[in-house]
Amino acid sequence: AGQTLDRIIRYELRDVGIHILICSASYSDREGTRRSFRKFFKFAVHNPLSMKSKTHSLSHSDEILVETQLQNATPHLLFLESVAFSPAAAFSSVPLTGELAAGELAGGGAAEG
């Protein structure tokens, strides 16, 4: 009598839009009668990131650069641990990170700045 149960349920939602969480509880009242109730929680799922991509063909080679901008679409701070580009099977990619030397850009030519 008088007991409560708190649980955190984690479930990945892959579809944006309106979702409804249905919570059901069954219990016995003081007379031993079995009772139950349901509560519905309606909420919206939004994509936390907006992504815009552009492609650029390099005139001096057969390389294509893909420029991608990620924007936080939430009112909260987000921390991205990593971002990876997965090209189609016919293509390959080279990650451009802070550790990449300037001489490795554009097919080995020195970057001017």
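Remember, it's a predicted structure, so these values are computed and weren't measured experimentally.

Asker: Please provide a residue-by-residue account of the overall build of the protein, values included.
Answerer: Each helix and strand in the protein was counted, giving zero helices and four strands. Ordering the α and β elements of the protein from the N terminus gives β-β-β-β. Per-residue burial over the protein gives 4% buried out of 113 residues. A separation of at least 24 residues holds for 27% of the contacts in the protein among residues at least 6 apart in sequence. Carbon and sulfur atoms make up 53% of the accessible area of the protein, which totals about 11100 Å².

Asker: Describe the environment of V83, and please don't skip the residues or the numbers.
Answerer: Inspection of the secondary structure assignment puts V83 in the segment after β4 (64-72). Among the residues examined, V83 registers a relative accessible area of 61% and is labelled exposed. In sequence terms V83 and P95 are 12 residues apart; their C-alpha atoms lie 9.6 Å from each other.

Asker: For a nonpolar patch on the surface, give the residues involved together with the corresponding values.
Answerer: Taken together, the side chains of Y11, L13, L21, F41 and F43 make up a nonpolar region of the molecular surface, amounting to roughly 510 Å² of accessible area. For L21, the location among the structural elements is in strand β1 (residues 17-28). Classification of L21 as partly exposed rests on a relative accessible area of 44%.

Asker: If you had to explain the pattern of salt bridges to someone new, which residues and values would you point to?
Answerer: As enumerated under the stated definition, the model contains two salt bridges in all. Salt-bridge contacts for R14 lead to E12; the nearest nitrogen and oxygen are separated by 3.8 Å. As far as burial versus exposure is concerned, R14 and E12 are alike and both exposed. Between R35 and D29 there is a salt bridge, with the nearest N and O atoms lying 2.9 Å from each other. Given the relative accessible area of 41%, R35 is considered partly exposed.

Asker: Explain the pairing of β4 to me, using residue names and the numbers behind them.
Answerer: Within a regular strand, side chains alternate between the sheet's two faces. Pairing geometry for strand β3 (residues 49-57) and β4, over nine bridges, is antiparallel. What sits directly across from S50, in β4, is Q71. Here β3 hands over to β4 after six residues, the two strands then running antiparallel side by side.

Analysis parameters
- Residues numbered from 1 in each chain as written.
- Predicted model: local features only at pLDDT ≥ 70, side-chain atom pairs only at ≥ 80, totals over all residues.
- Heavy atoms only, no water.
- Helix = DSSP H or I, 4+ residues; strand = E, 2+ residues; numbered from the N terminus.
- Buried < 20%, exposed > 50% of the residue type's maximum accessible area, 1.4 Å probe, protein only.
- Contact = heavy atoms within 4.5 Å.
- Areas by Shrake-Rupley, 256 points an atom, 1.4 Å probe, with all protein chains shown as cover.
- Patch = residues over 30% accessible without salt bridge, like charges linked within 9 Å, V, L, I, M, F, W, Y side chains within 5 Å.
- Salt bridge = Lys/Arg side-chain N within 4 Å of Asp/Glu carboxyl O.
- Pairing = 2+ DSSP bridges.

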